[in-house]
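# Examination of the molecular architecture
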Amino acid sequence: MSPLTLAVRDSATMLRRNLLHARRYPSLTLNLLLTPIMLLLLFVYVFGDTMSAGIGGDGPDRSEYIAYIVPGLLLMTIGSTVVGTAVSVSNDMTEGIIARFRTMAIHRGSVILGHVIGSVLQSVISVVLVGGVAVAIGFRSTDATVLEWLAAFGLLVLFATALTWIAVGMGLISPNAEAASNNAMPLILLPLLSSAFVPIDAMPGWFQPVAEYQPFTPAIETLRGLLLGTGIGHNGWLAVGWCLGLAVLGYLWSTAKFNDDPK
Amino acid sequence: MTNPAIAANGLRKSYGDKTVLDGVDLVVPEGTIFSLLGPNGAGKTTAVKILSTLVSPDPASGPIQVGGHDLATDPQSVRAAIGVTGQFSAVDGLITGEENMLLMADLHHLSKRERLCVTAELLERFDLTEAARKPAATYSGGMKRRLDIAMTLVGDPRIIFLDEPTTGLDPRSRHNMWRIIRELVSDGVTVFLTTQYLEEADELADRIAVLHDGRIAAQGTAEELKRLVPGGHVRLRFTDPAAYQNAASALGEASRDDESLALQIPSDGSQRELRSILDWLDSAGVEADELTVHTPDLDDVFFALTGGTGIPHQPEEAVR
């Protein structure tokens, strides 16, 4: 069997295993979905009128704020889903079965690849679910072209891949599930410090660079531009750059950590 | 004889400045059971982890071959030849026993038909058919071990590592495990077994190596090892202090345990020696309330091999 066939076949096996886990024990995934959905409902129905006026809408009308907040929340959903990935990778590494995999003549990277592909699929499903809620409460993306839709989807997948690789690394260095969940917390907190909820120029001056130069902001701006059919400017390249950078960094980090001798 | 299944020279491993293995030489002929015996922390698990490619040995180690393949240059071929059942259960608790087996079959790249056959056959052989559809996390300790070994056997490994396969099992499960291990070897498989129990090594192993402080303290058959150890004795227990005192003065060479009113007479436990002791007791008019024969156990072997007092030095022939 050629190395590539081996890699594909073993990764597919590992992916099936991870999906089986997710299907058998959906509570972790569902819990993580709850955060973005709760935030969406909270910001739209409770704070919506004020926020809407705040971002320069025509008076208190929450529908304008829905359009503003949904792209950020979709990306936050990815951040939230991959926290689950960090937890399940860390859980997995404490299991004897990983030691067994390491002593088998399988493609070595397949254990991690299975997690990565599974996590990206889960992220996409979660985004679709949260997106469904958003549409149900009035979000519309009718001004976008088909091409913009495809680009938006591509960005979501790319962003999920990047965050997943980072989360896998975080899971690998965490001694247990609690530590993994703590280590991955920035992936949920970063969107709060981005342009997801309020525009950056509405933030205090000293804070604006923090919000501007982090991966979520360009990705959110790009997704917002694509879904609402407004321009994306230079944010598209920035977002793609961040994603590729994080993905490569996470990949190198994770594989190095996985190839270390287990304790 | 062809190549040995396992041949390790000068196996070394240290973590920081703690030396776990300090130059261990092992040779295991094909189709035999080899047992590495030692207390907790002796380095047994580390030895298994290195030989099964899980951790790498220190660079100062000599050449190590498993299944005829060099561990350092061709670990993937080693992995294809071996099966490992670690000390801690290596089953996926979240999925069912059957799914665990199918997972192994898939990783061994068996065909669709084979994977079902092998799974059904091994589940049947290890008495797990009934529990096959339940999550492995709900299994008892003994069932988990059986599933663990069943998973190891998918793909017909020629060399099997079992790290303390019976630790924590009840006596019945332990005997089942012994039966399973004997069956494996009758199929021509080589078994590398670690254990804390001399009894277990005695039951199963063709050769035993005693590991202490990262070195092989002694190596040989169970018989050879027991002969090295002066721990065997006959113990006489009395309930009446007067009878105890009489016996103690009559049997001058017995060592006394005044608190429990017991005397210990050195003995190798053979029928001949036992008879002569009984004759001696009769002639001395000693009648004990309880007589027990103690054969050397791991404690004795350990105190003997590592205590350093009054121990016959092991002759070179017994080392190889």
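Residues numbered from 1 in each chain as written. Chains lettered and ligands numbered in written order. Predicted model: local features only at pLDDT ≥ 70, side-chain atom pairs only at ≥ 80, totals over all residues.

### Quick look at the overall build of chain A
The number of helices and strands found in chain A is twelve helices and zero strands. Computed over its C-alpha atoms, the radius of gyration of chain A comes to 19 Å, within 12% of the 18 Å expected for a compact globule of 263 residues. Considering only C-alpha atoms, chain A reaches an extent of 65 × 35 × 35 Å along its principal axes. The buried share of chain A, taken over its 263 residues, is 46%. Sequence separation of 24 or more characterises 79% of the internal contacts of chain A that already satisfy a separation of 6 or more. (Helix = DSSP H or I, 4+ residues; strand = E, 2+ residues; numbered from the N terminus. Rg over C-alpha atoms; globule rule 2.2 N^0.38 Å. Buried ≥ 20, exposed ≤ 12 C-beta atoms within 10 Å, placed from the backbone. Contact = placed C-beta atoms within 7 Å.)

### With respect to the pairing of strand 8 (residues 190-195) of chain B
All names here are of chain B. For strand 8, a buried count of six out of six residues is recorded, marking the element as mostly surrounded by other parts of the structure. With five bridges connecting them, strand 3 (residues 33-37) and strand 8 associate as parallel partners. Bridge assignment links S35 to a residue of strand 8, and that residue is L193. Two strands pair when backbone bridges link them, and strand 7 (residues 159-163) and strand 8 are joined in this way by five bridges, in the parallel orientation. Residue pairing for strand 8: I159 is matched across the bridge by T190. For the handedness criterion, the β-α-β arrangement of strand 7, helix 6 (residues 171-186) and strand 8 is classed as right-handed. (Pairing = 2+ DSSP bridges. Right-handed = clockwise from strand over helix to strand, strands pointing away.)

### Some words on unusual backbone geometry
All names here are of chain B. Positive phi outside glycine occurs at T53, with the angle close to 70 degrees. Tracing the backbone shows T53 in the loop between helix 1 (44-51) and strand 4 (64-66). We classify T53 as buried; it has 22 C-beta atoms within 10 Å. With a phi angle near 50 degrees, D213 is a residue other than glycine that sits in the positive phi range. Turning to its location among the elements, D213 is positioned in the loop between strand 9 (207-212) and strand 10 (215-220). You can call D213 partly exposed: it has 14 C-beta atoms within 10 Å.

### Structural notes on the domain arrangement of chain B
When its domains are assigned, chain B resolves into domain 1 (6-91 + 139-228) and domain 2 (233-295). On a C-alpha basis, the centres of domain 1 of chain B and domain 2 of chain B stand 40 Å from each other. (Domains from an automatic or database assignment.)

### Here we look at the interface of chain A and chain B
Contacts between the two partners involve 21 residues from chain A and, on the opposite side, 23 residues from chain B. For the side of chain A that touches chain B, the secondary-structure elements that each account for two or more residues are helix 1 (3-24) and helix 5 (96-102) of chain A. No other element matches helix 1 of chain A, which puts seven residues into the side of chain A that touches chain B.

### As for the sheet that holds strand 11 (residues 233-237) of chain B
Residues and elements named next belong to chain B. Strand order in this open sheet of four strands is 12-13-11-14, and the pairing throughout is antiparallel. Here the strands that pair on one side only, and so sit at the sheet edges, are strand 12 (255-257) and strand 14 (290-294). When strand polarity is set aside, the average angle formed by the axes of neighbouring strands in this sheet is 20 degrees. Looking at chain direction, strand 11 and strand 13 (residues 262-266) are connected through five bridges and run antiparallel. Across the sheet, the residue bridging to H233 is P266, located in strand 13. (Axes fitted to C-alpha atoms, helices over the stretch in contact; angles between N-to-C directions.)

### Brief notes about the packing of helix 7 (residues 146-173) of chain A against helix 12 (residues 235-259) of chain A
Residues and elements named next belong to chain A. In the contact formed by helix 7 and helix 12, the axes pass within 8 Å of each other and the chain directions differ by 30 degrees. Relative to helix 12, the element helix 7 is oriented roughly parallel. Helix 7 and helix 12 meet at a crossing whose hand is left-handed. Note on element contacts: helix 12 touches helix 7 through A239, V240, C243, L246, A247, G250, Y251, W253, S254, K257 and F258, opposite L155, L158, F159, T161, A162, L163, W165, I166, V168, G169, L172 and I173. Here the residues of the contact of helix 7 with helix 12 sort into 18 nonpolar, four polar and one charged. (Parallel < 35°, antiparallel > 145°, perpendicular 65-115°, else oblique. Left-handed = near helix turned anticlockwise from the far one by under 90°. Nonpolar A, V, L, I, M, F, W, Y, C, P; charged D, E, K, R; others polar.)

### A look at the environment of A:G84
All names here are of chain A. Along the chain, G84 turns up in helix 4 (residues 62-93). Accessibility expressed as a C-beta count within 10 Å gives 25 for G84, which makes it buried. Taking the C-alpha atoms as reference points, G84 and A177, 93 residues apart in sequence, are found 9.5 Å from one another. Once you skip the residues sitting within four places of it in the chain, G84 turns out to touch L28, T29 and L32.

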